[in-house]
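Structural overview for review
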Amino acid sequence: MSDEEHHFESKADAGASKTYPQQAGTIRKNGYIVIKGRPCKVVEVSTSKTGKHGHAKCHFVGIDIFTAKKLEDIVPSSHNCDVPHVNRTDYQLIDISEDGFVSLLTENGNTKDDLRLPTDESLLTQIKDGFAEGKDLVVSVMSAMGEEQICALKDIGPKN
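These notes cover the structure that comes with them. All residue numbers here refer to positions counted from 1 along the written sequence of the relevant chain. Given that the model is predicted, a residue must reach a pLDDT of at least 70 before its local features are reported, and side-chain atom pairs must reach 80 or more before they are shown or counted; all residues, however, enter totals for whole chains, interfaces and linings. As a rule here, side-chain values cover all heavy atoms of the structure and leave hydrogens and water aside.

1. A few points about the overall build of the protein chain
Secondary structure follows DSSP: runs of H or I at least 4 residues long count as helices, runs of E at least 2 residues long count as strands, and numbering of each begins at the N terminus. When helices and strands are counted, the protein chain shows 1 helix and 11 strands. Element order for the protein chain, N to C, with α for helix and β for strand: β-β-β-β-β-β-β-β-β-α-β-β. By definition in these notes, contact holds between two residues if any of their heavy atoms fall within 4.5 Å. Partitioning the contacts of the protein chain with sequence separation of at least 6, the portion at a separation of at least 24 is 48%. To measure how exposed things are, a 1.4 Å probe is used in the Shrake-Rupley method; for residues, cover is taken only from the protein chains shown. Carbon and sulfur atoms make up 49% of the accessible area of the protein chain, which totals about 10600 Å².

See below:
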């Protein structure tokens with residue numbers, strides 16, 4: 001067999017993992033955890049005692065950081081859970097398009113045009129009203145596991 005006969009298709013990404021492992025017993029309230037494939041913020045943790053067969057169990061209640069749905073999971077405390085890498089980045093709002101996408105200004109002066117307006121009604125109204133009044137708005141974008149969503153808004157004063 002010669003080397004020319006082997007063809008390998010690599011389908012991997014750049015290697016930056018979307019999650020990292022952490023022992024279930026060390027995850028605390030207000031931390032993050034992946035439940036049923038969704039990134040969640042932990043709102044409640046309870047640990048049961050060790051039973052007849054050994055493992056203490058951790059019961060996690062989490063709120064999905066993008067859809068706000070409540071999810072639950074029970075994991076033995078010695079096992080590893082996936083914890084999402086969660087990042088918050090601030091961008092300046094430049095424009096709101098008619099199809100519901102926003103145009104944002106990044107730190108290095110480029111524009112980011114692939115984000116939709118948030119689904120949260122009060123945040124949506126604040127953004128639209130503030131933009132209509134011509135205020136300089138800075139939006140916080142939360143990203144985890146390949147998803148991004150606008151989660152907060154700051155008013156940095158009127159445009160000059």
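From this point, the discussion proceeds with the structure in view.
2. A word on the side chain of serine 77
Within the element layout of this structure, serine 77 appears in the loop between β5 (70-76) and β6 (80-84). Look at serine 77 and you get buried, because its relative accessible area is 17%. Not counting residues within four places of it along the chain, the set of residues in contact with serine 77 comprises Gln23, Ala24, Gly25, Ala56, Lys57 and Cys58. For every residue, the accessible area obtained with a 1.4 Å probe (protein chains only) is divided by the maximum for its type, and the residue is called buried under 20%, exposed over 50%, and partly exposed between those limits.

3. Thoughts on the nonpolar core
We define the nonpolar core as a collection of buried residues of types Ala, Val, Leu, Ile, Met, Phe, Trp, Tyr and Cys that are connected through side-chain atoms lying within 4.5 Å of one another. Of all hydrophobic cores here, the largest spans 14 residues; its most connected members are Leu93, Val102, Leu104, Ile127, Val139, Val141 and Ile150. Listed by contribution, the elements that provide at least two residues to this core are β7 (87-96), β8 (101-105), α1 (121-132) and β10 (135-144). Excluding residues within four positions of it along the chain, isoleucine 127 makes contact with Leu93, Ile96, Leu117, Pro118, Leu137, Val139, Ile150 and Leu153. In terms of nonpolar packing, the next biggest core, distinct from the first, is built from 12 residues, Ile33, Cys40, Val75 and Val83 among them.

4. Thoughts on the sheet that holds strand β2 (residues 32-35)
Pairing is antiparallel across the open sheet formed by 4 strands, whose spatial order is β2-β3-β4-β5. The two strands at the open ends of the sheet, each matched to only one other strand, are β2 and β5. The mean angle between the axes of side-by-side strands here comes to 45°, regardless of whether they run parallel or antiparallel. For two strands to be treated as a pair, DSSP must find no fewer than two bridges joining them. Working convention: axes come from line fits to C-alpha atoms, limited for helices to the stretch in contact. Angles between N-to-C directions cover 0 to 180 degrees.

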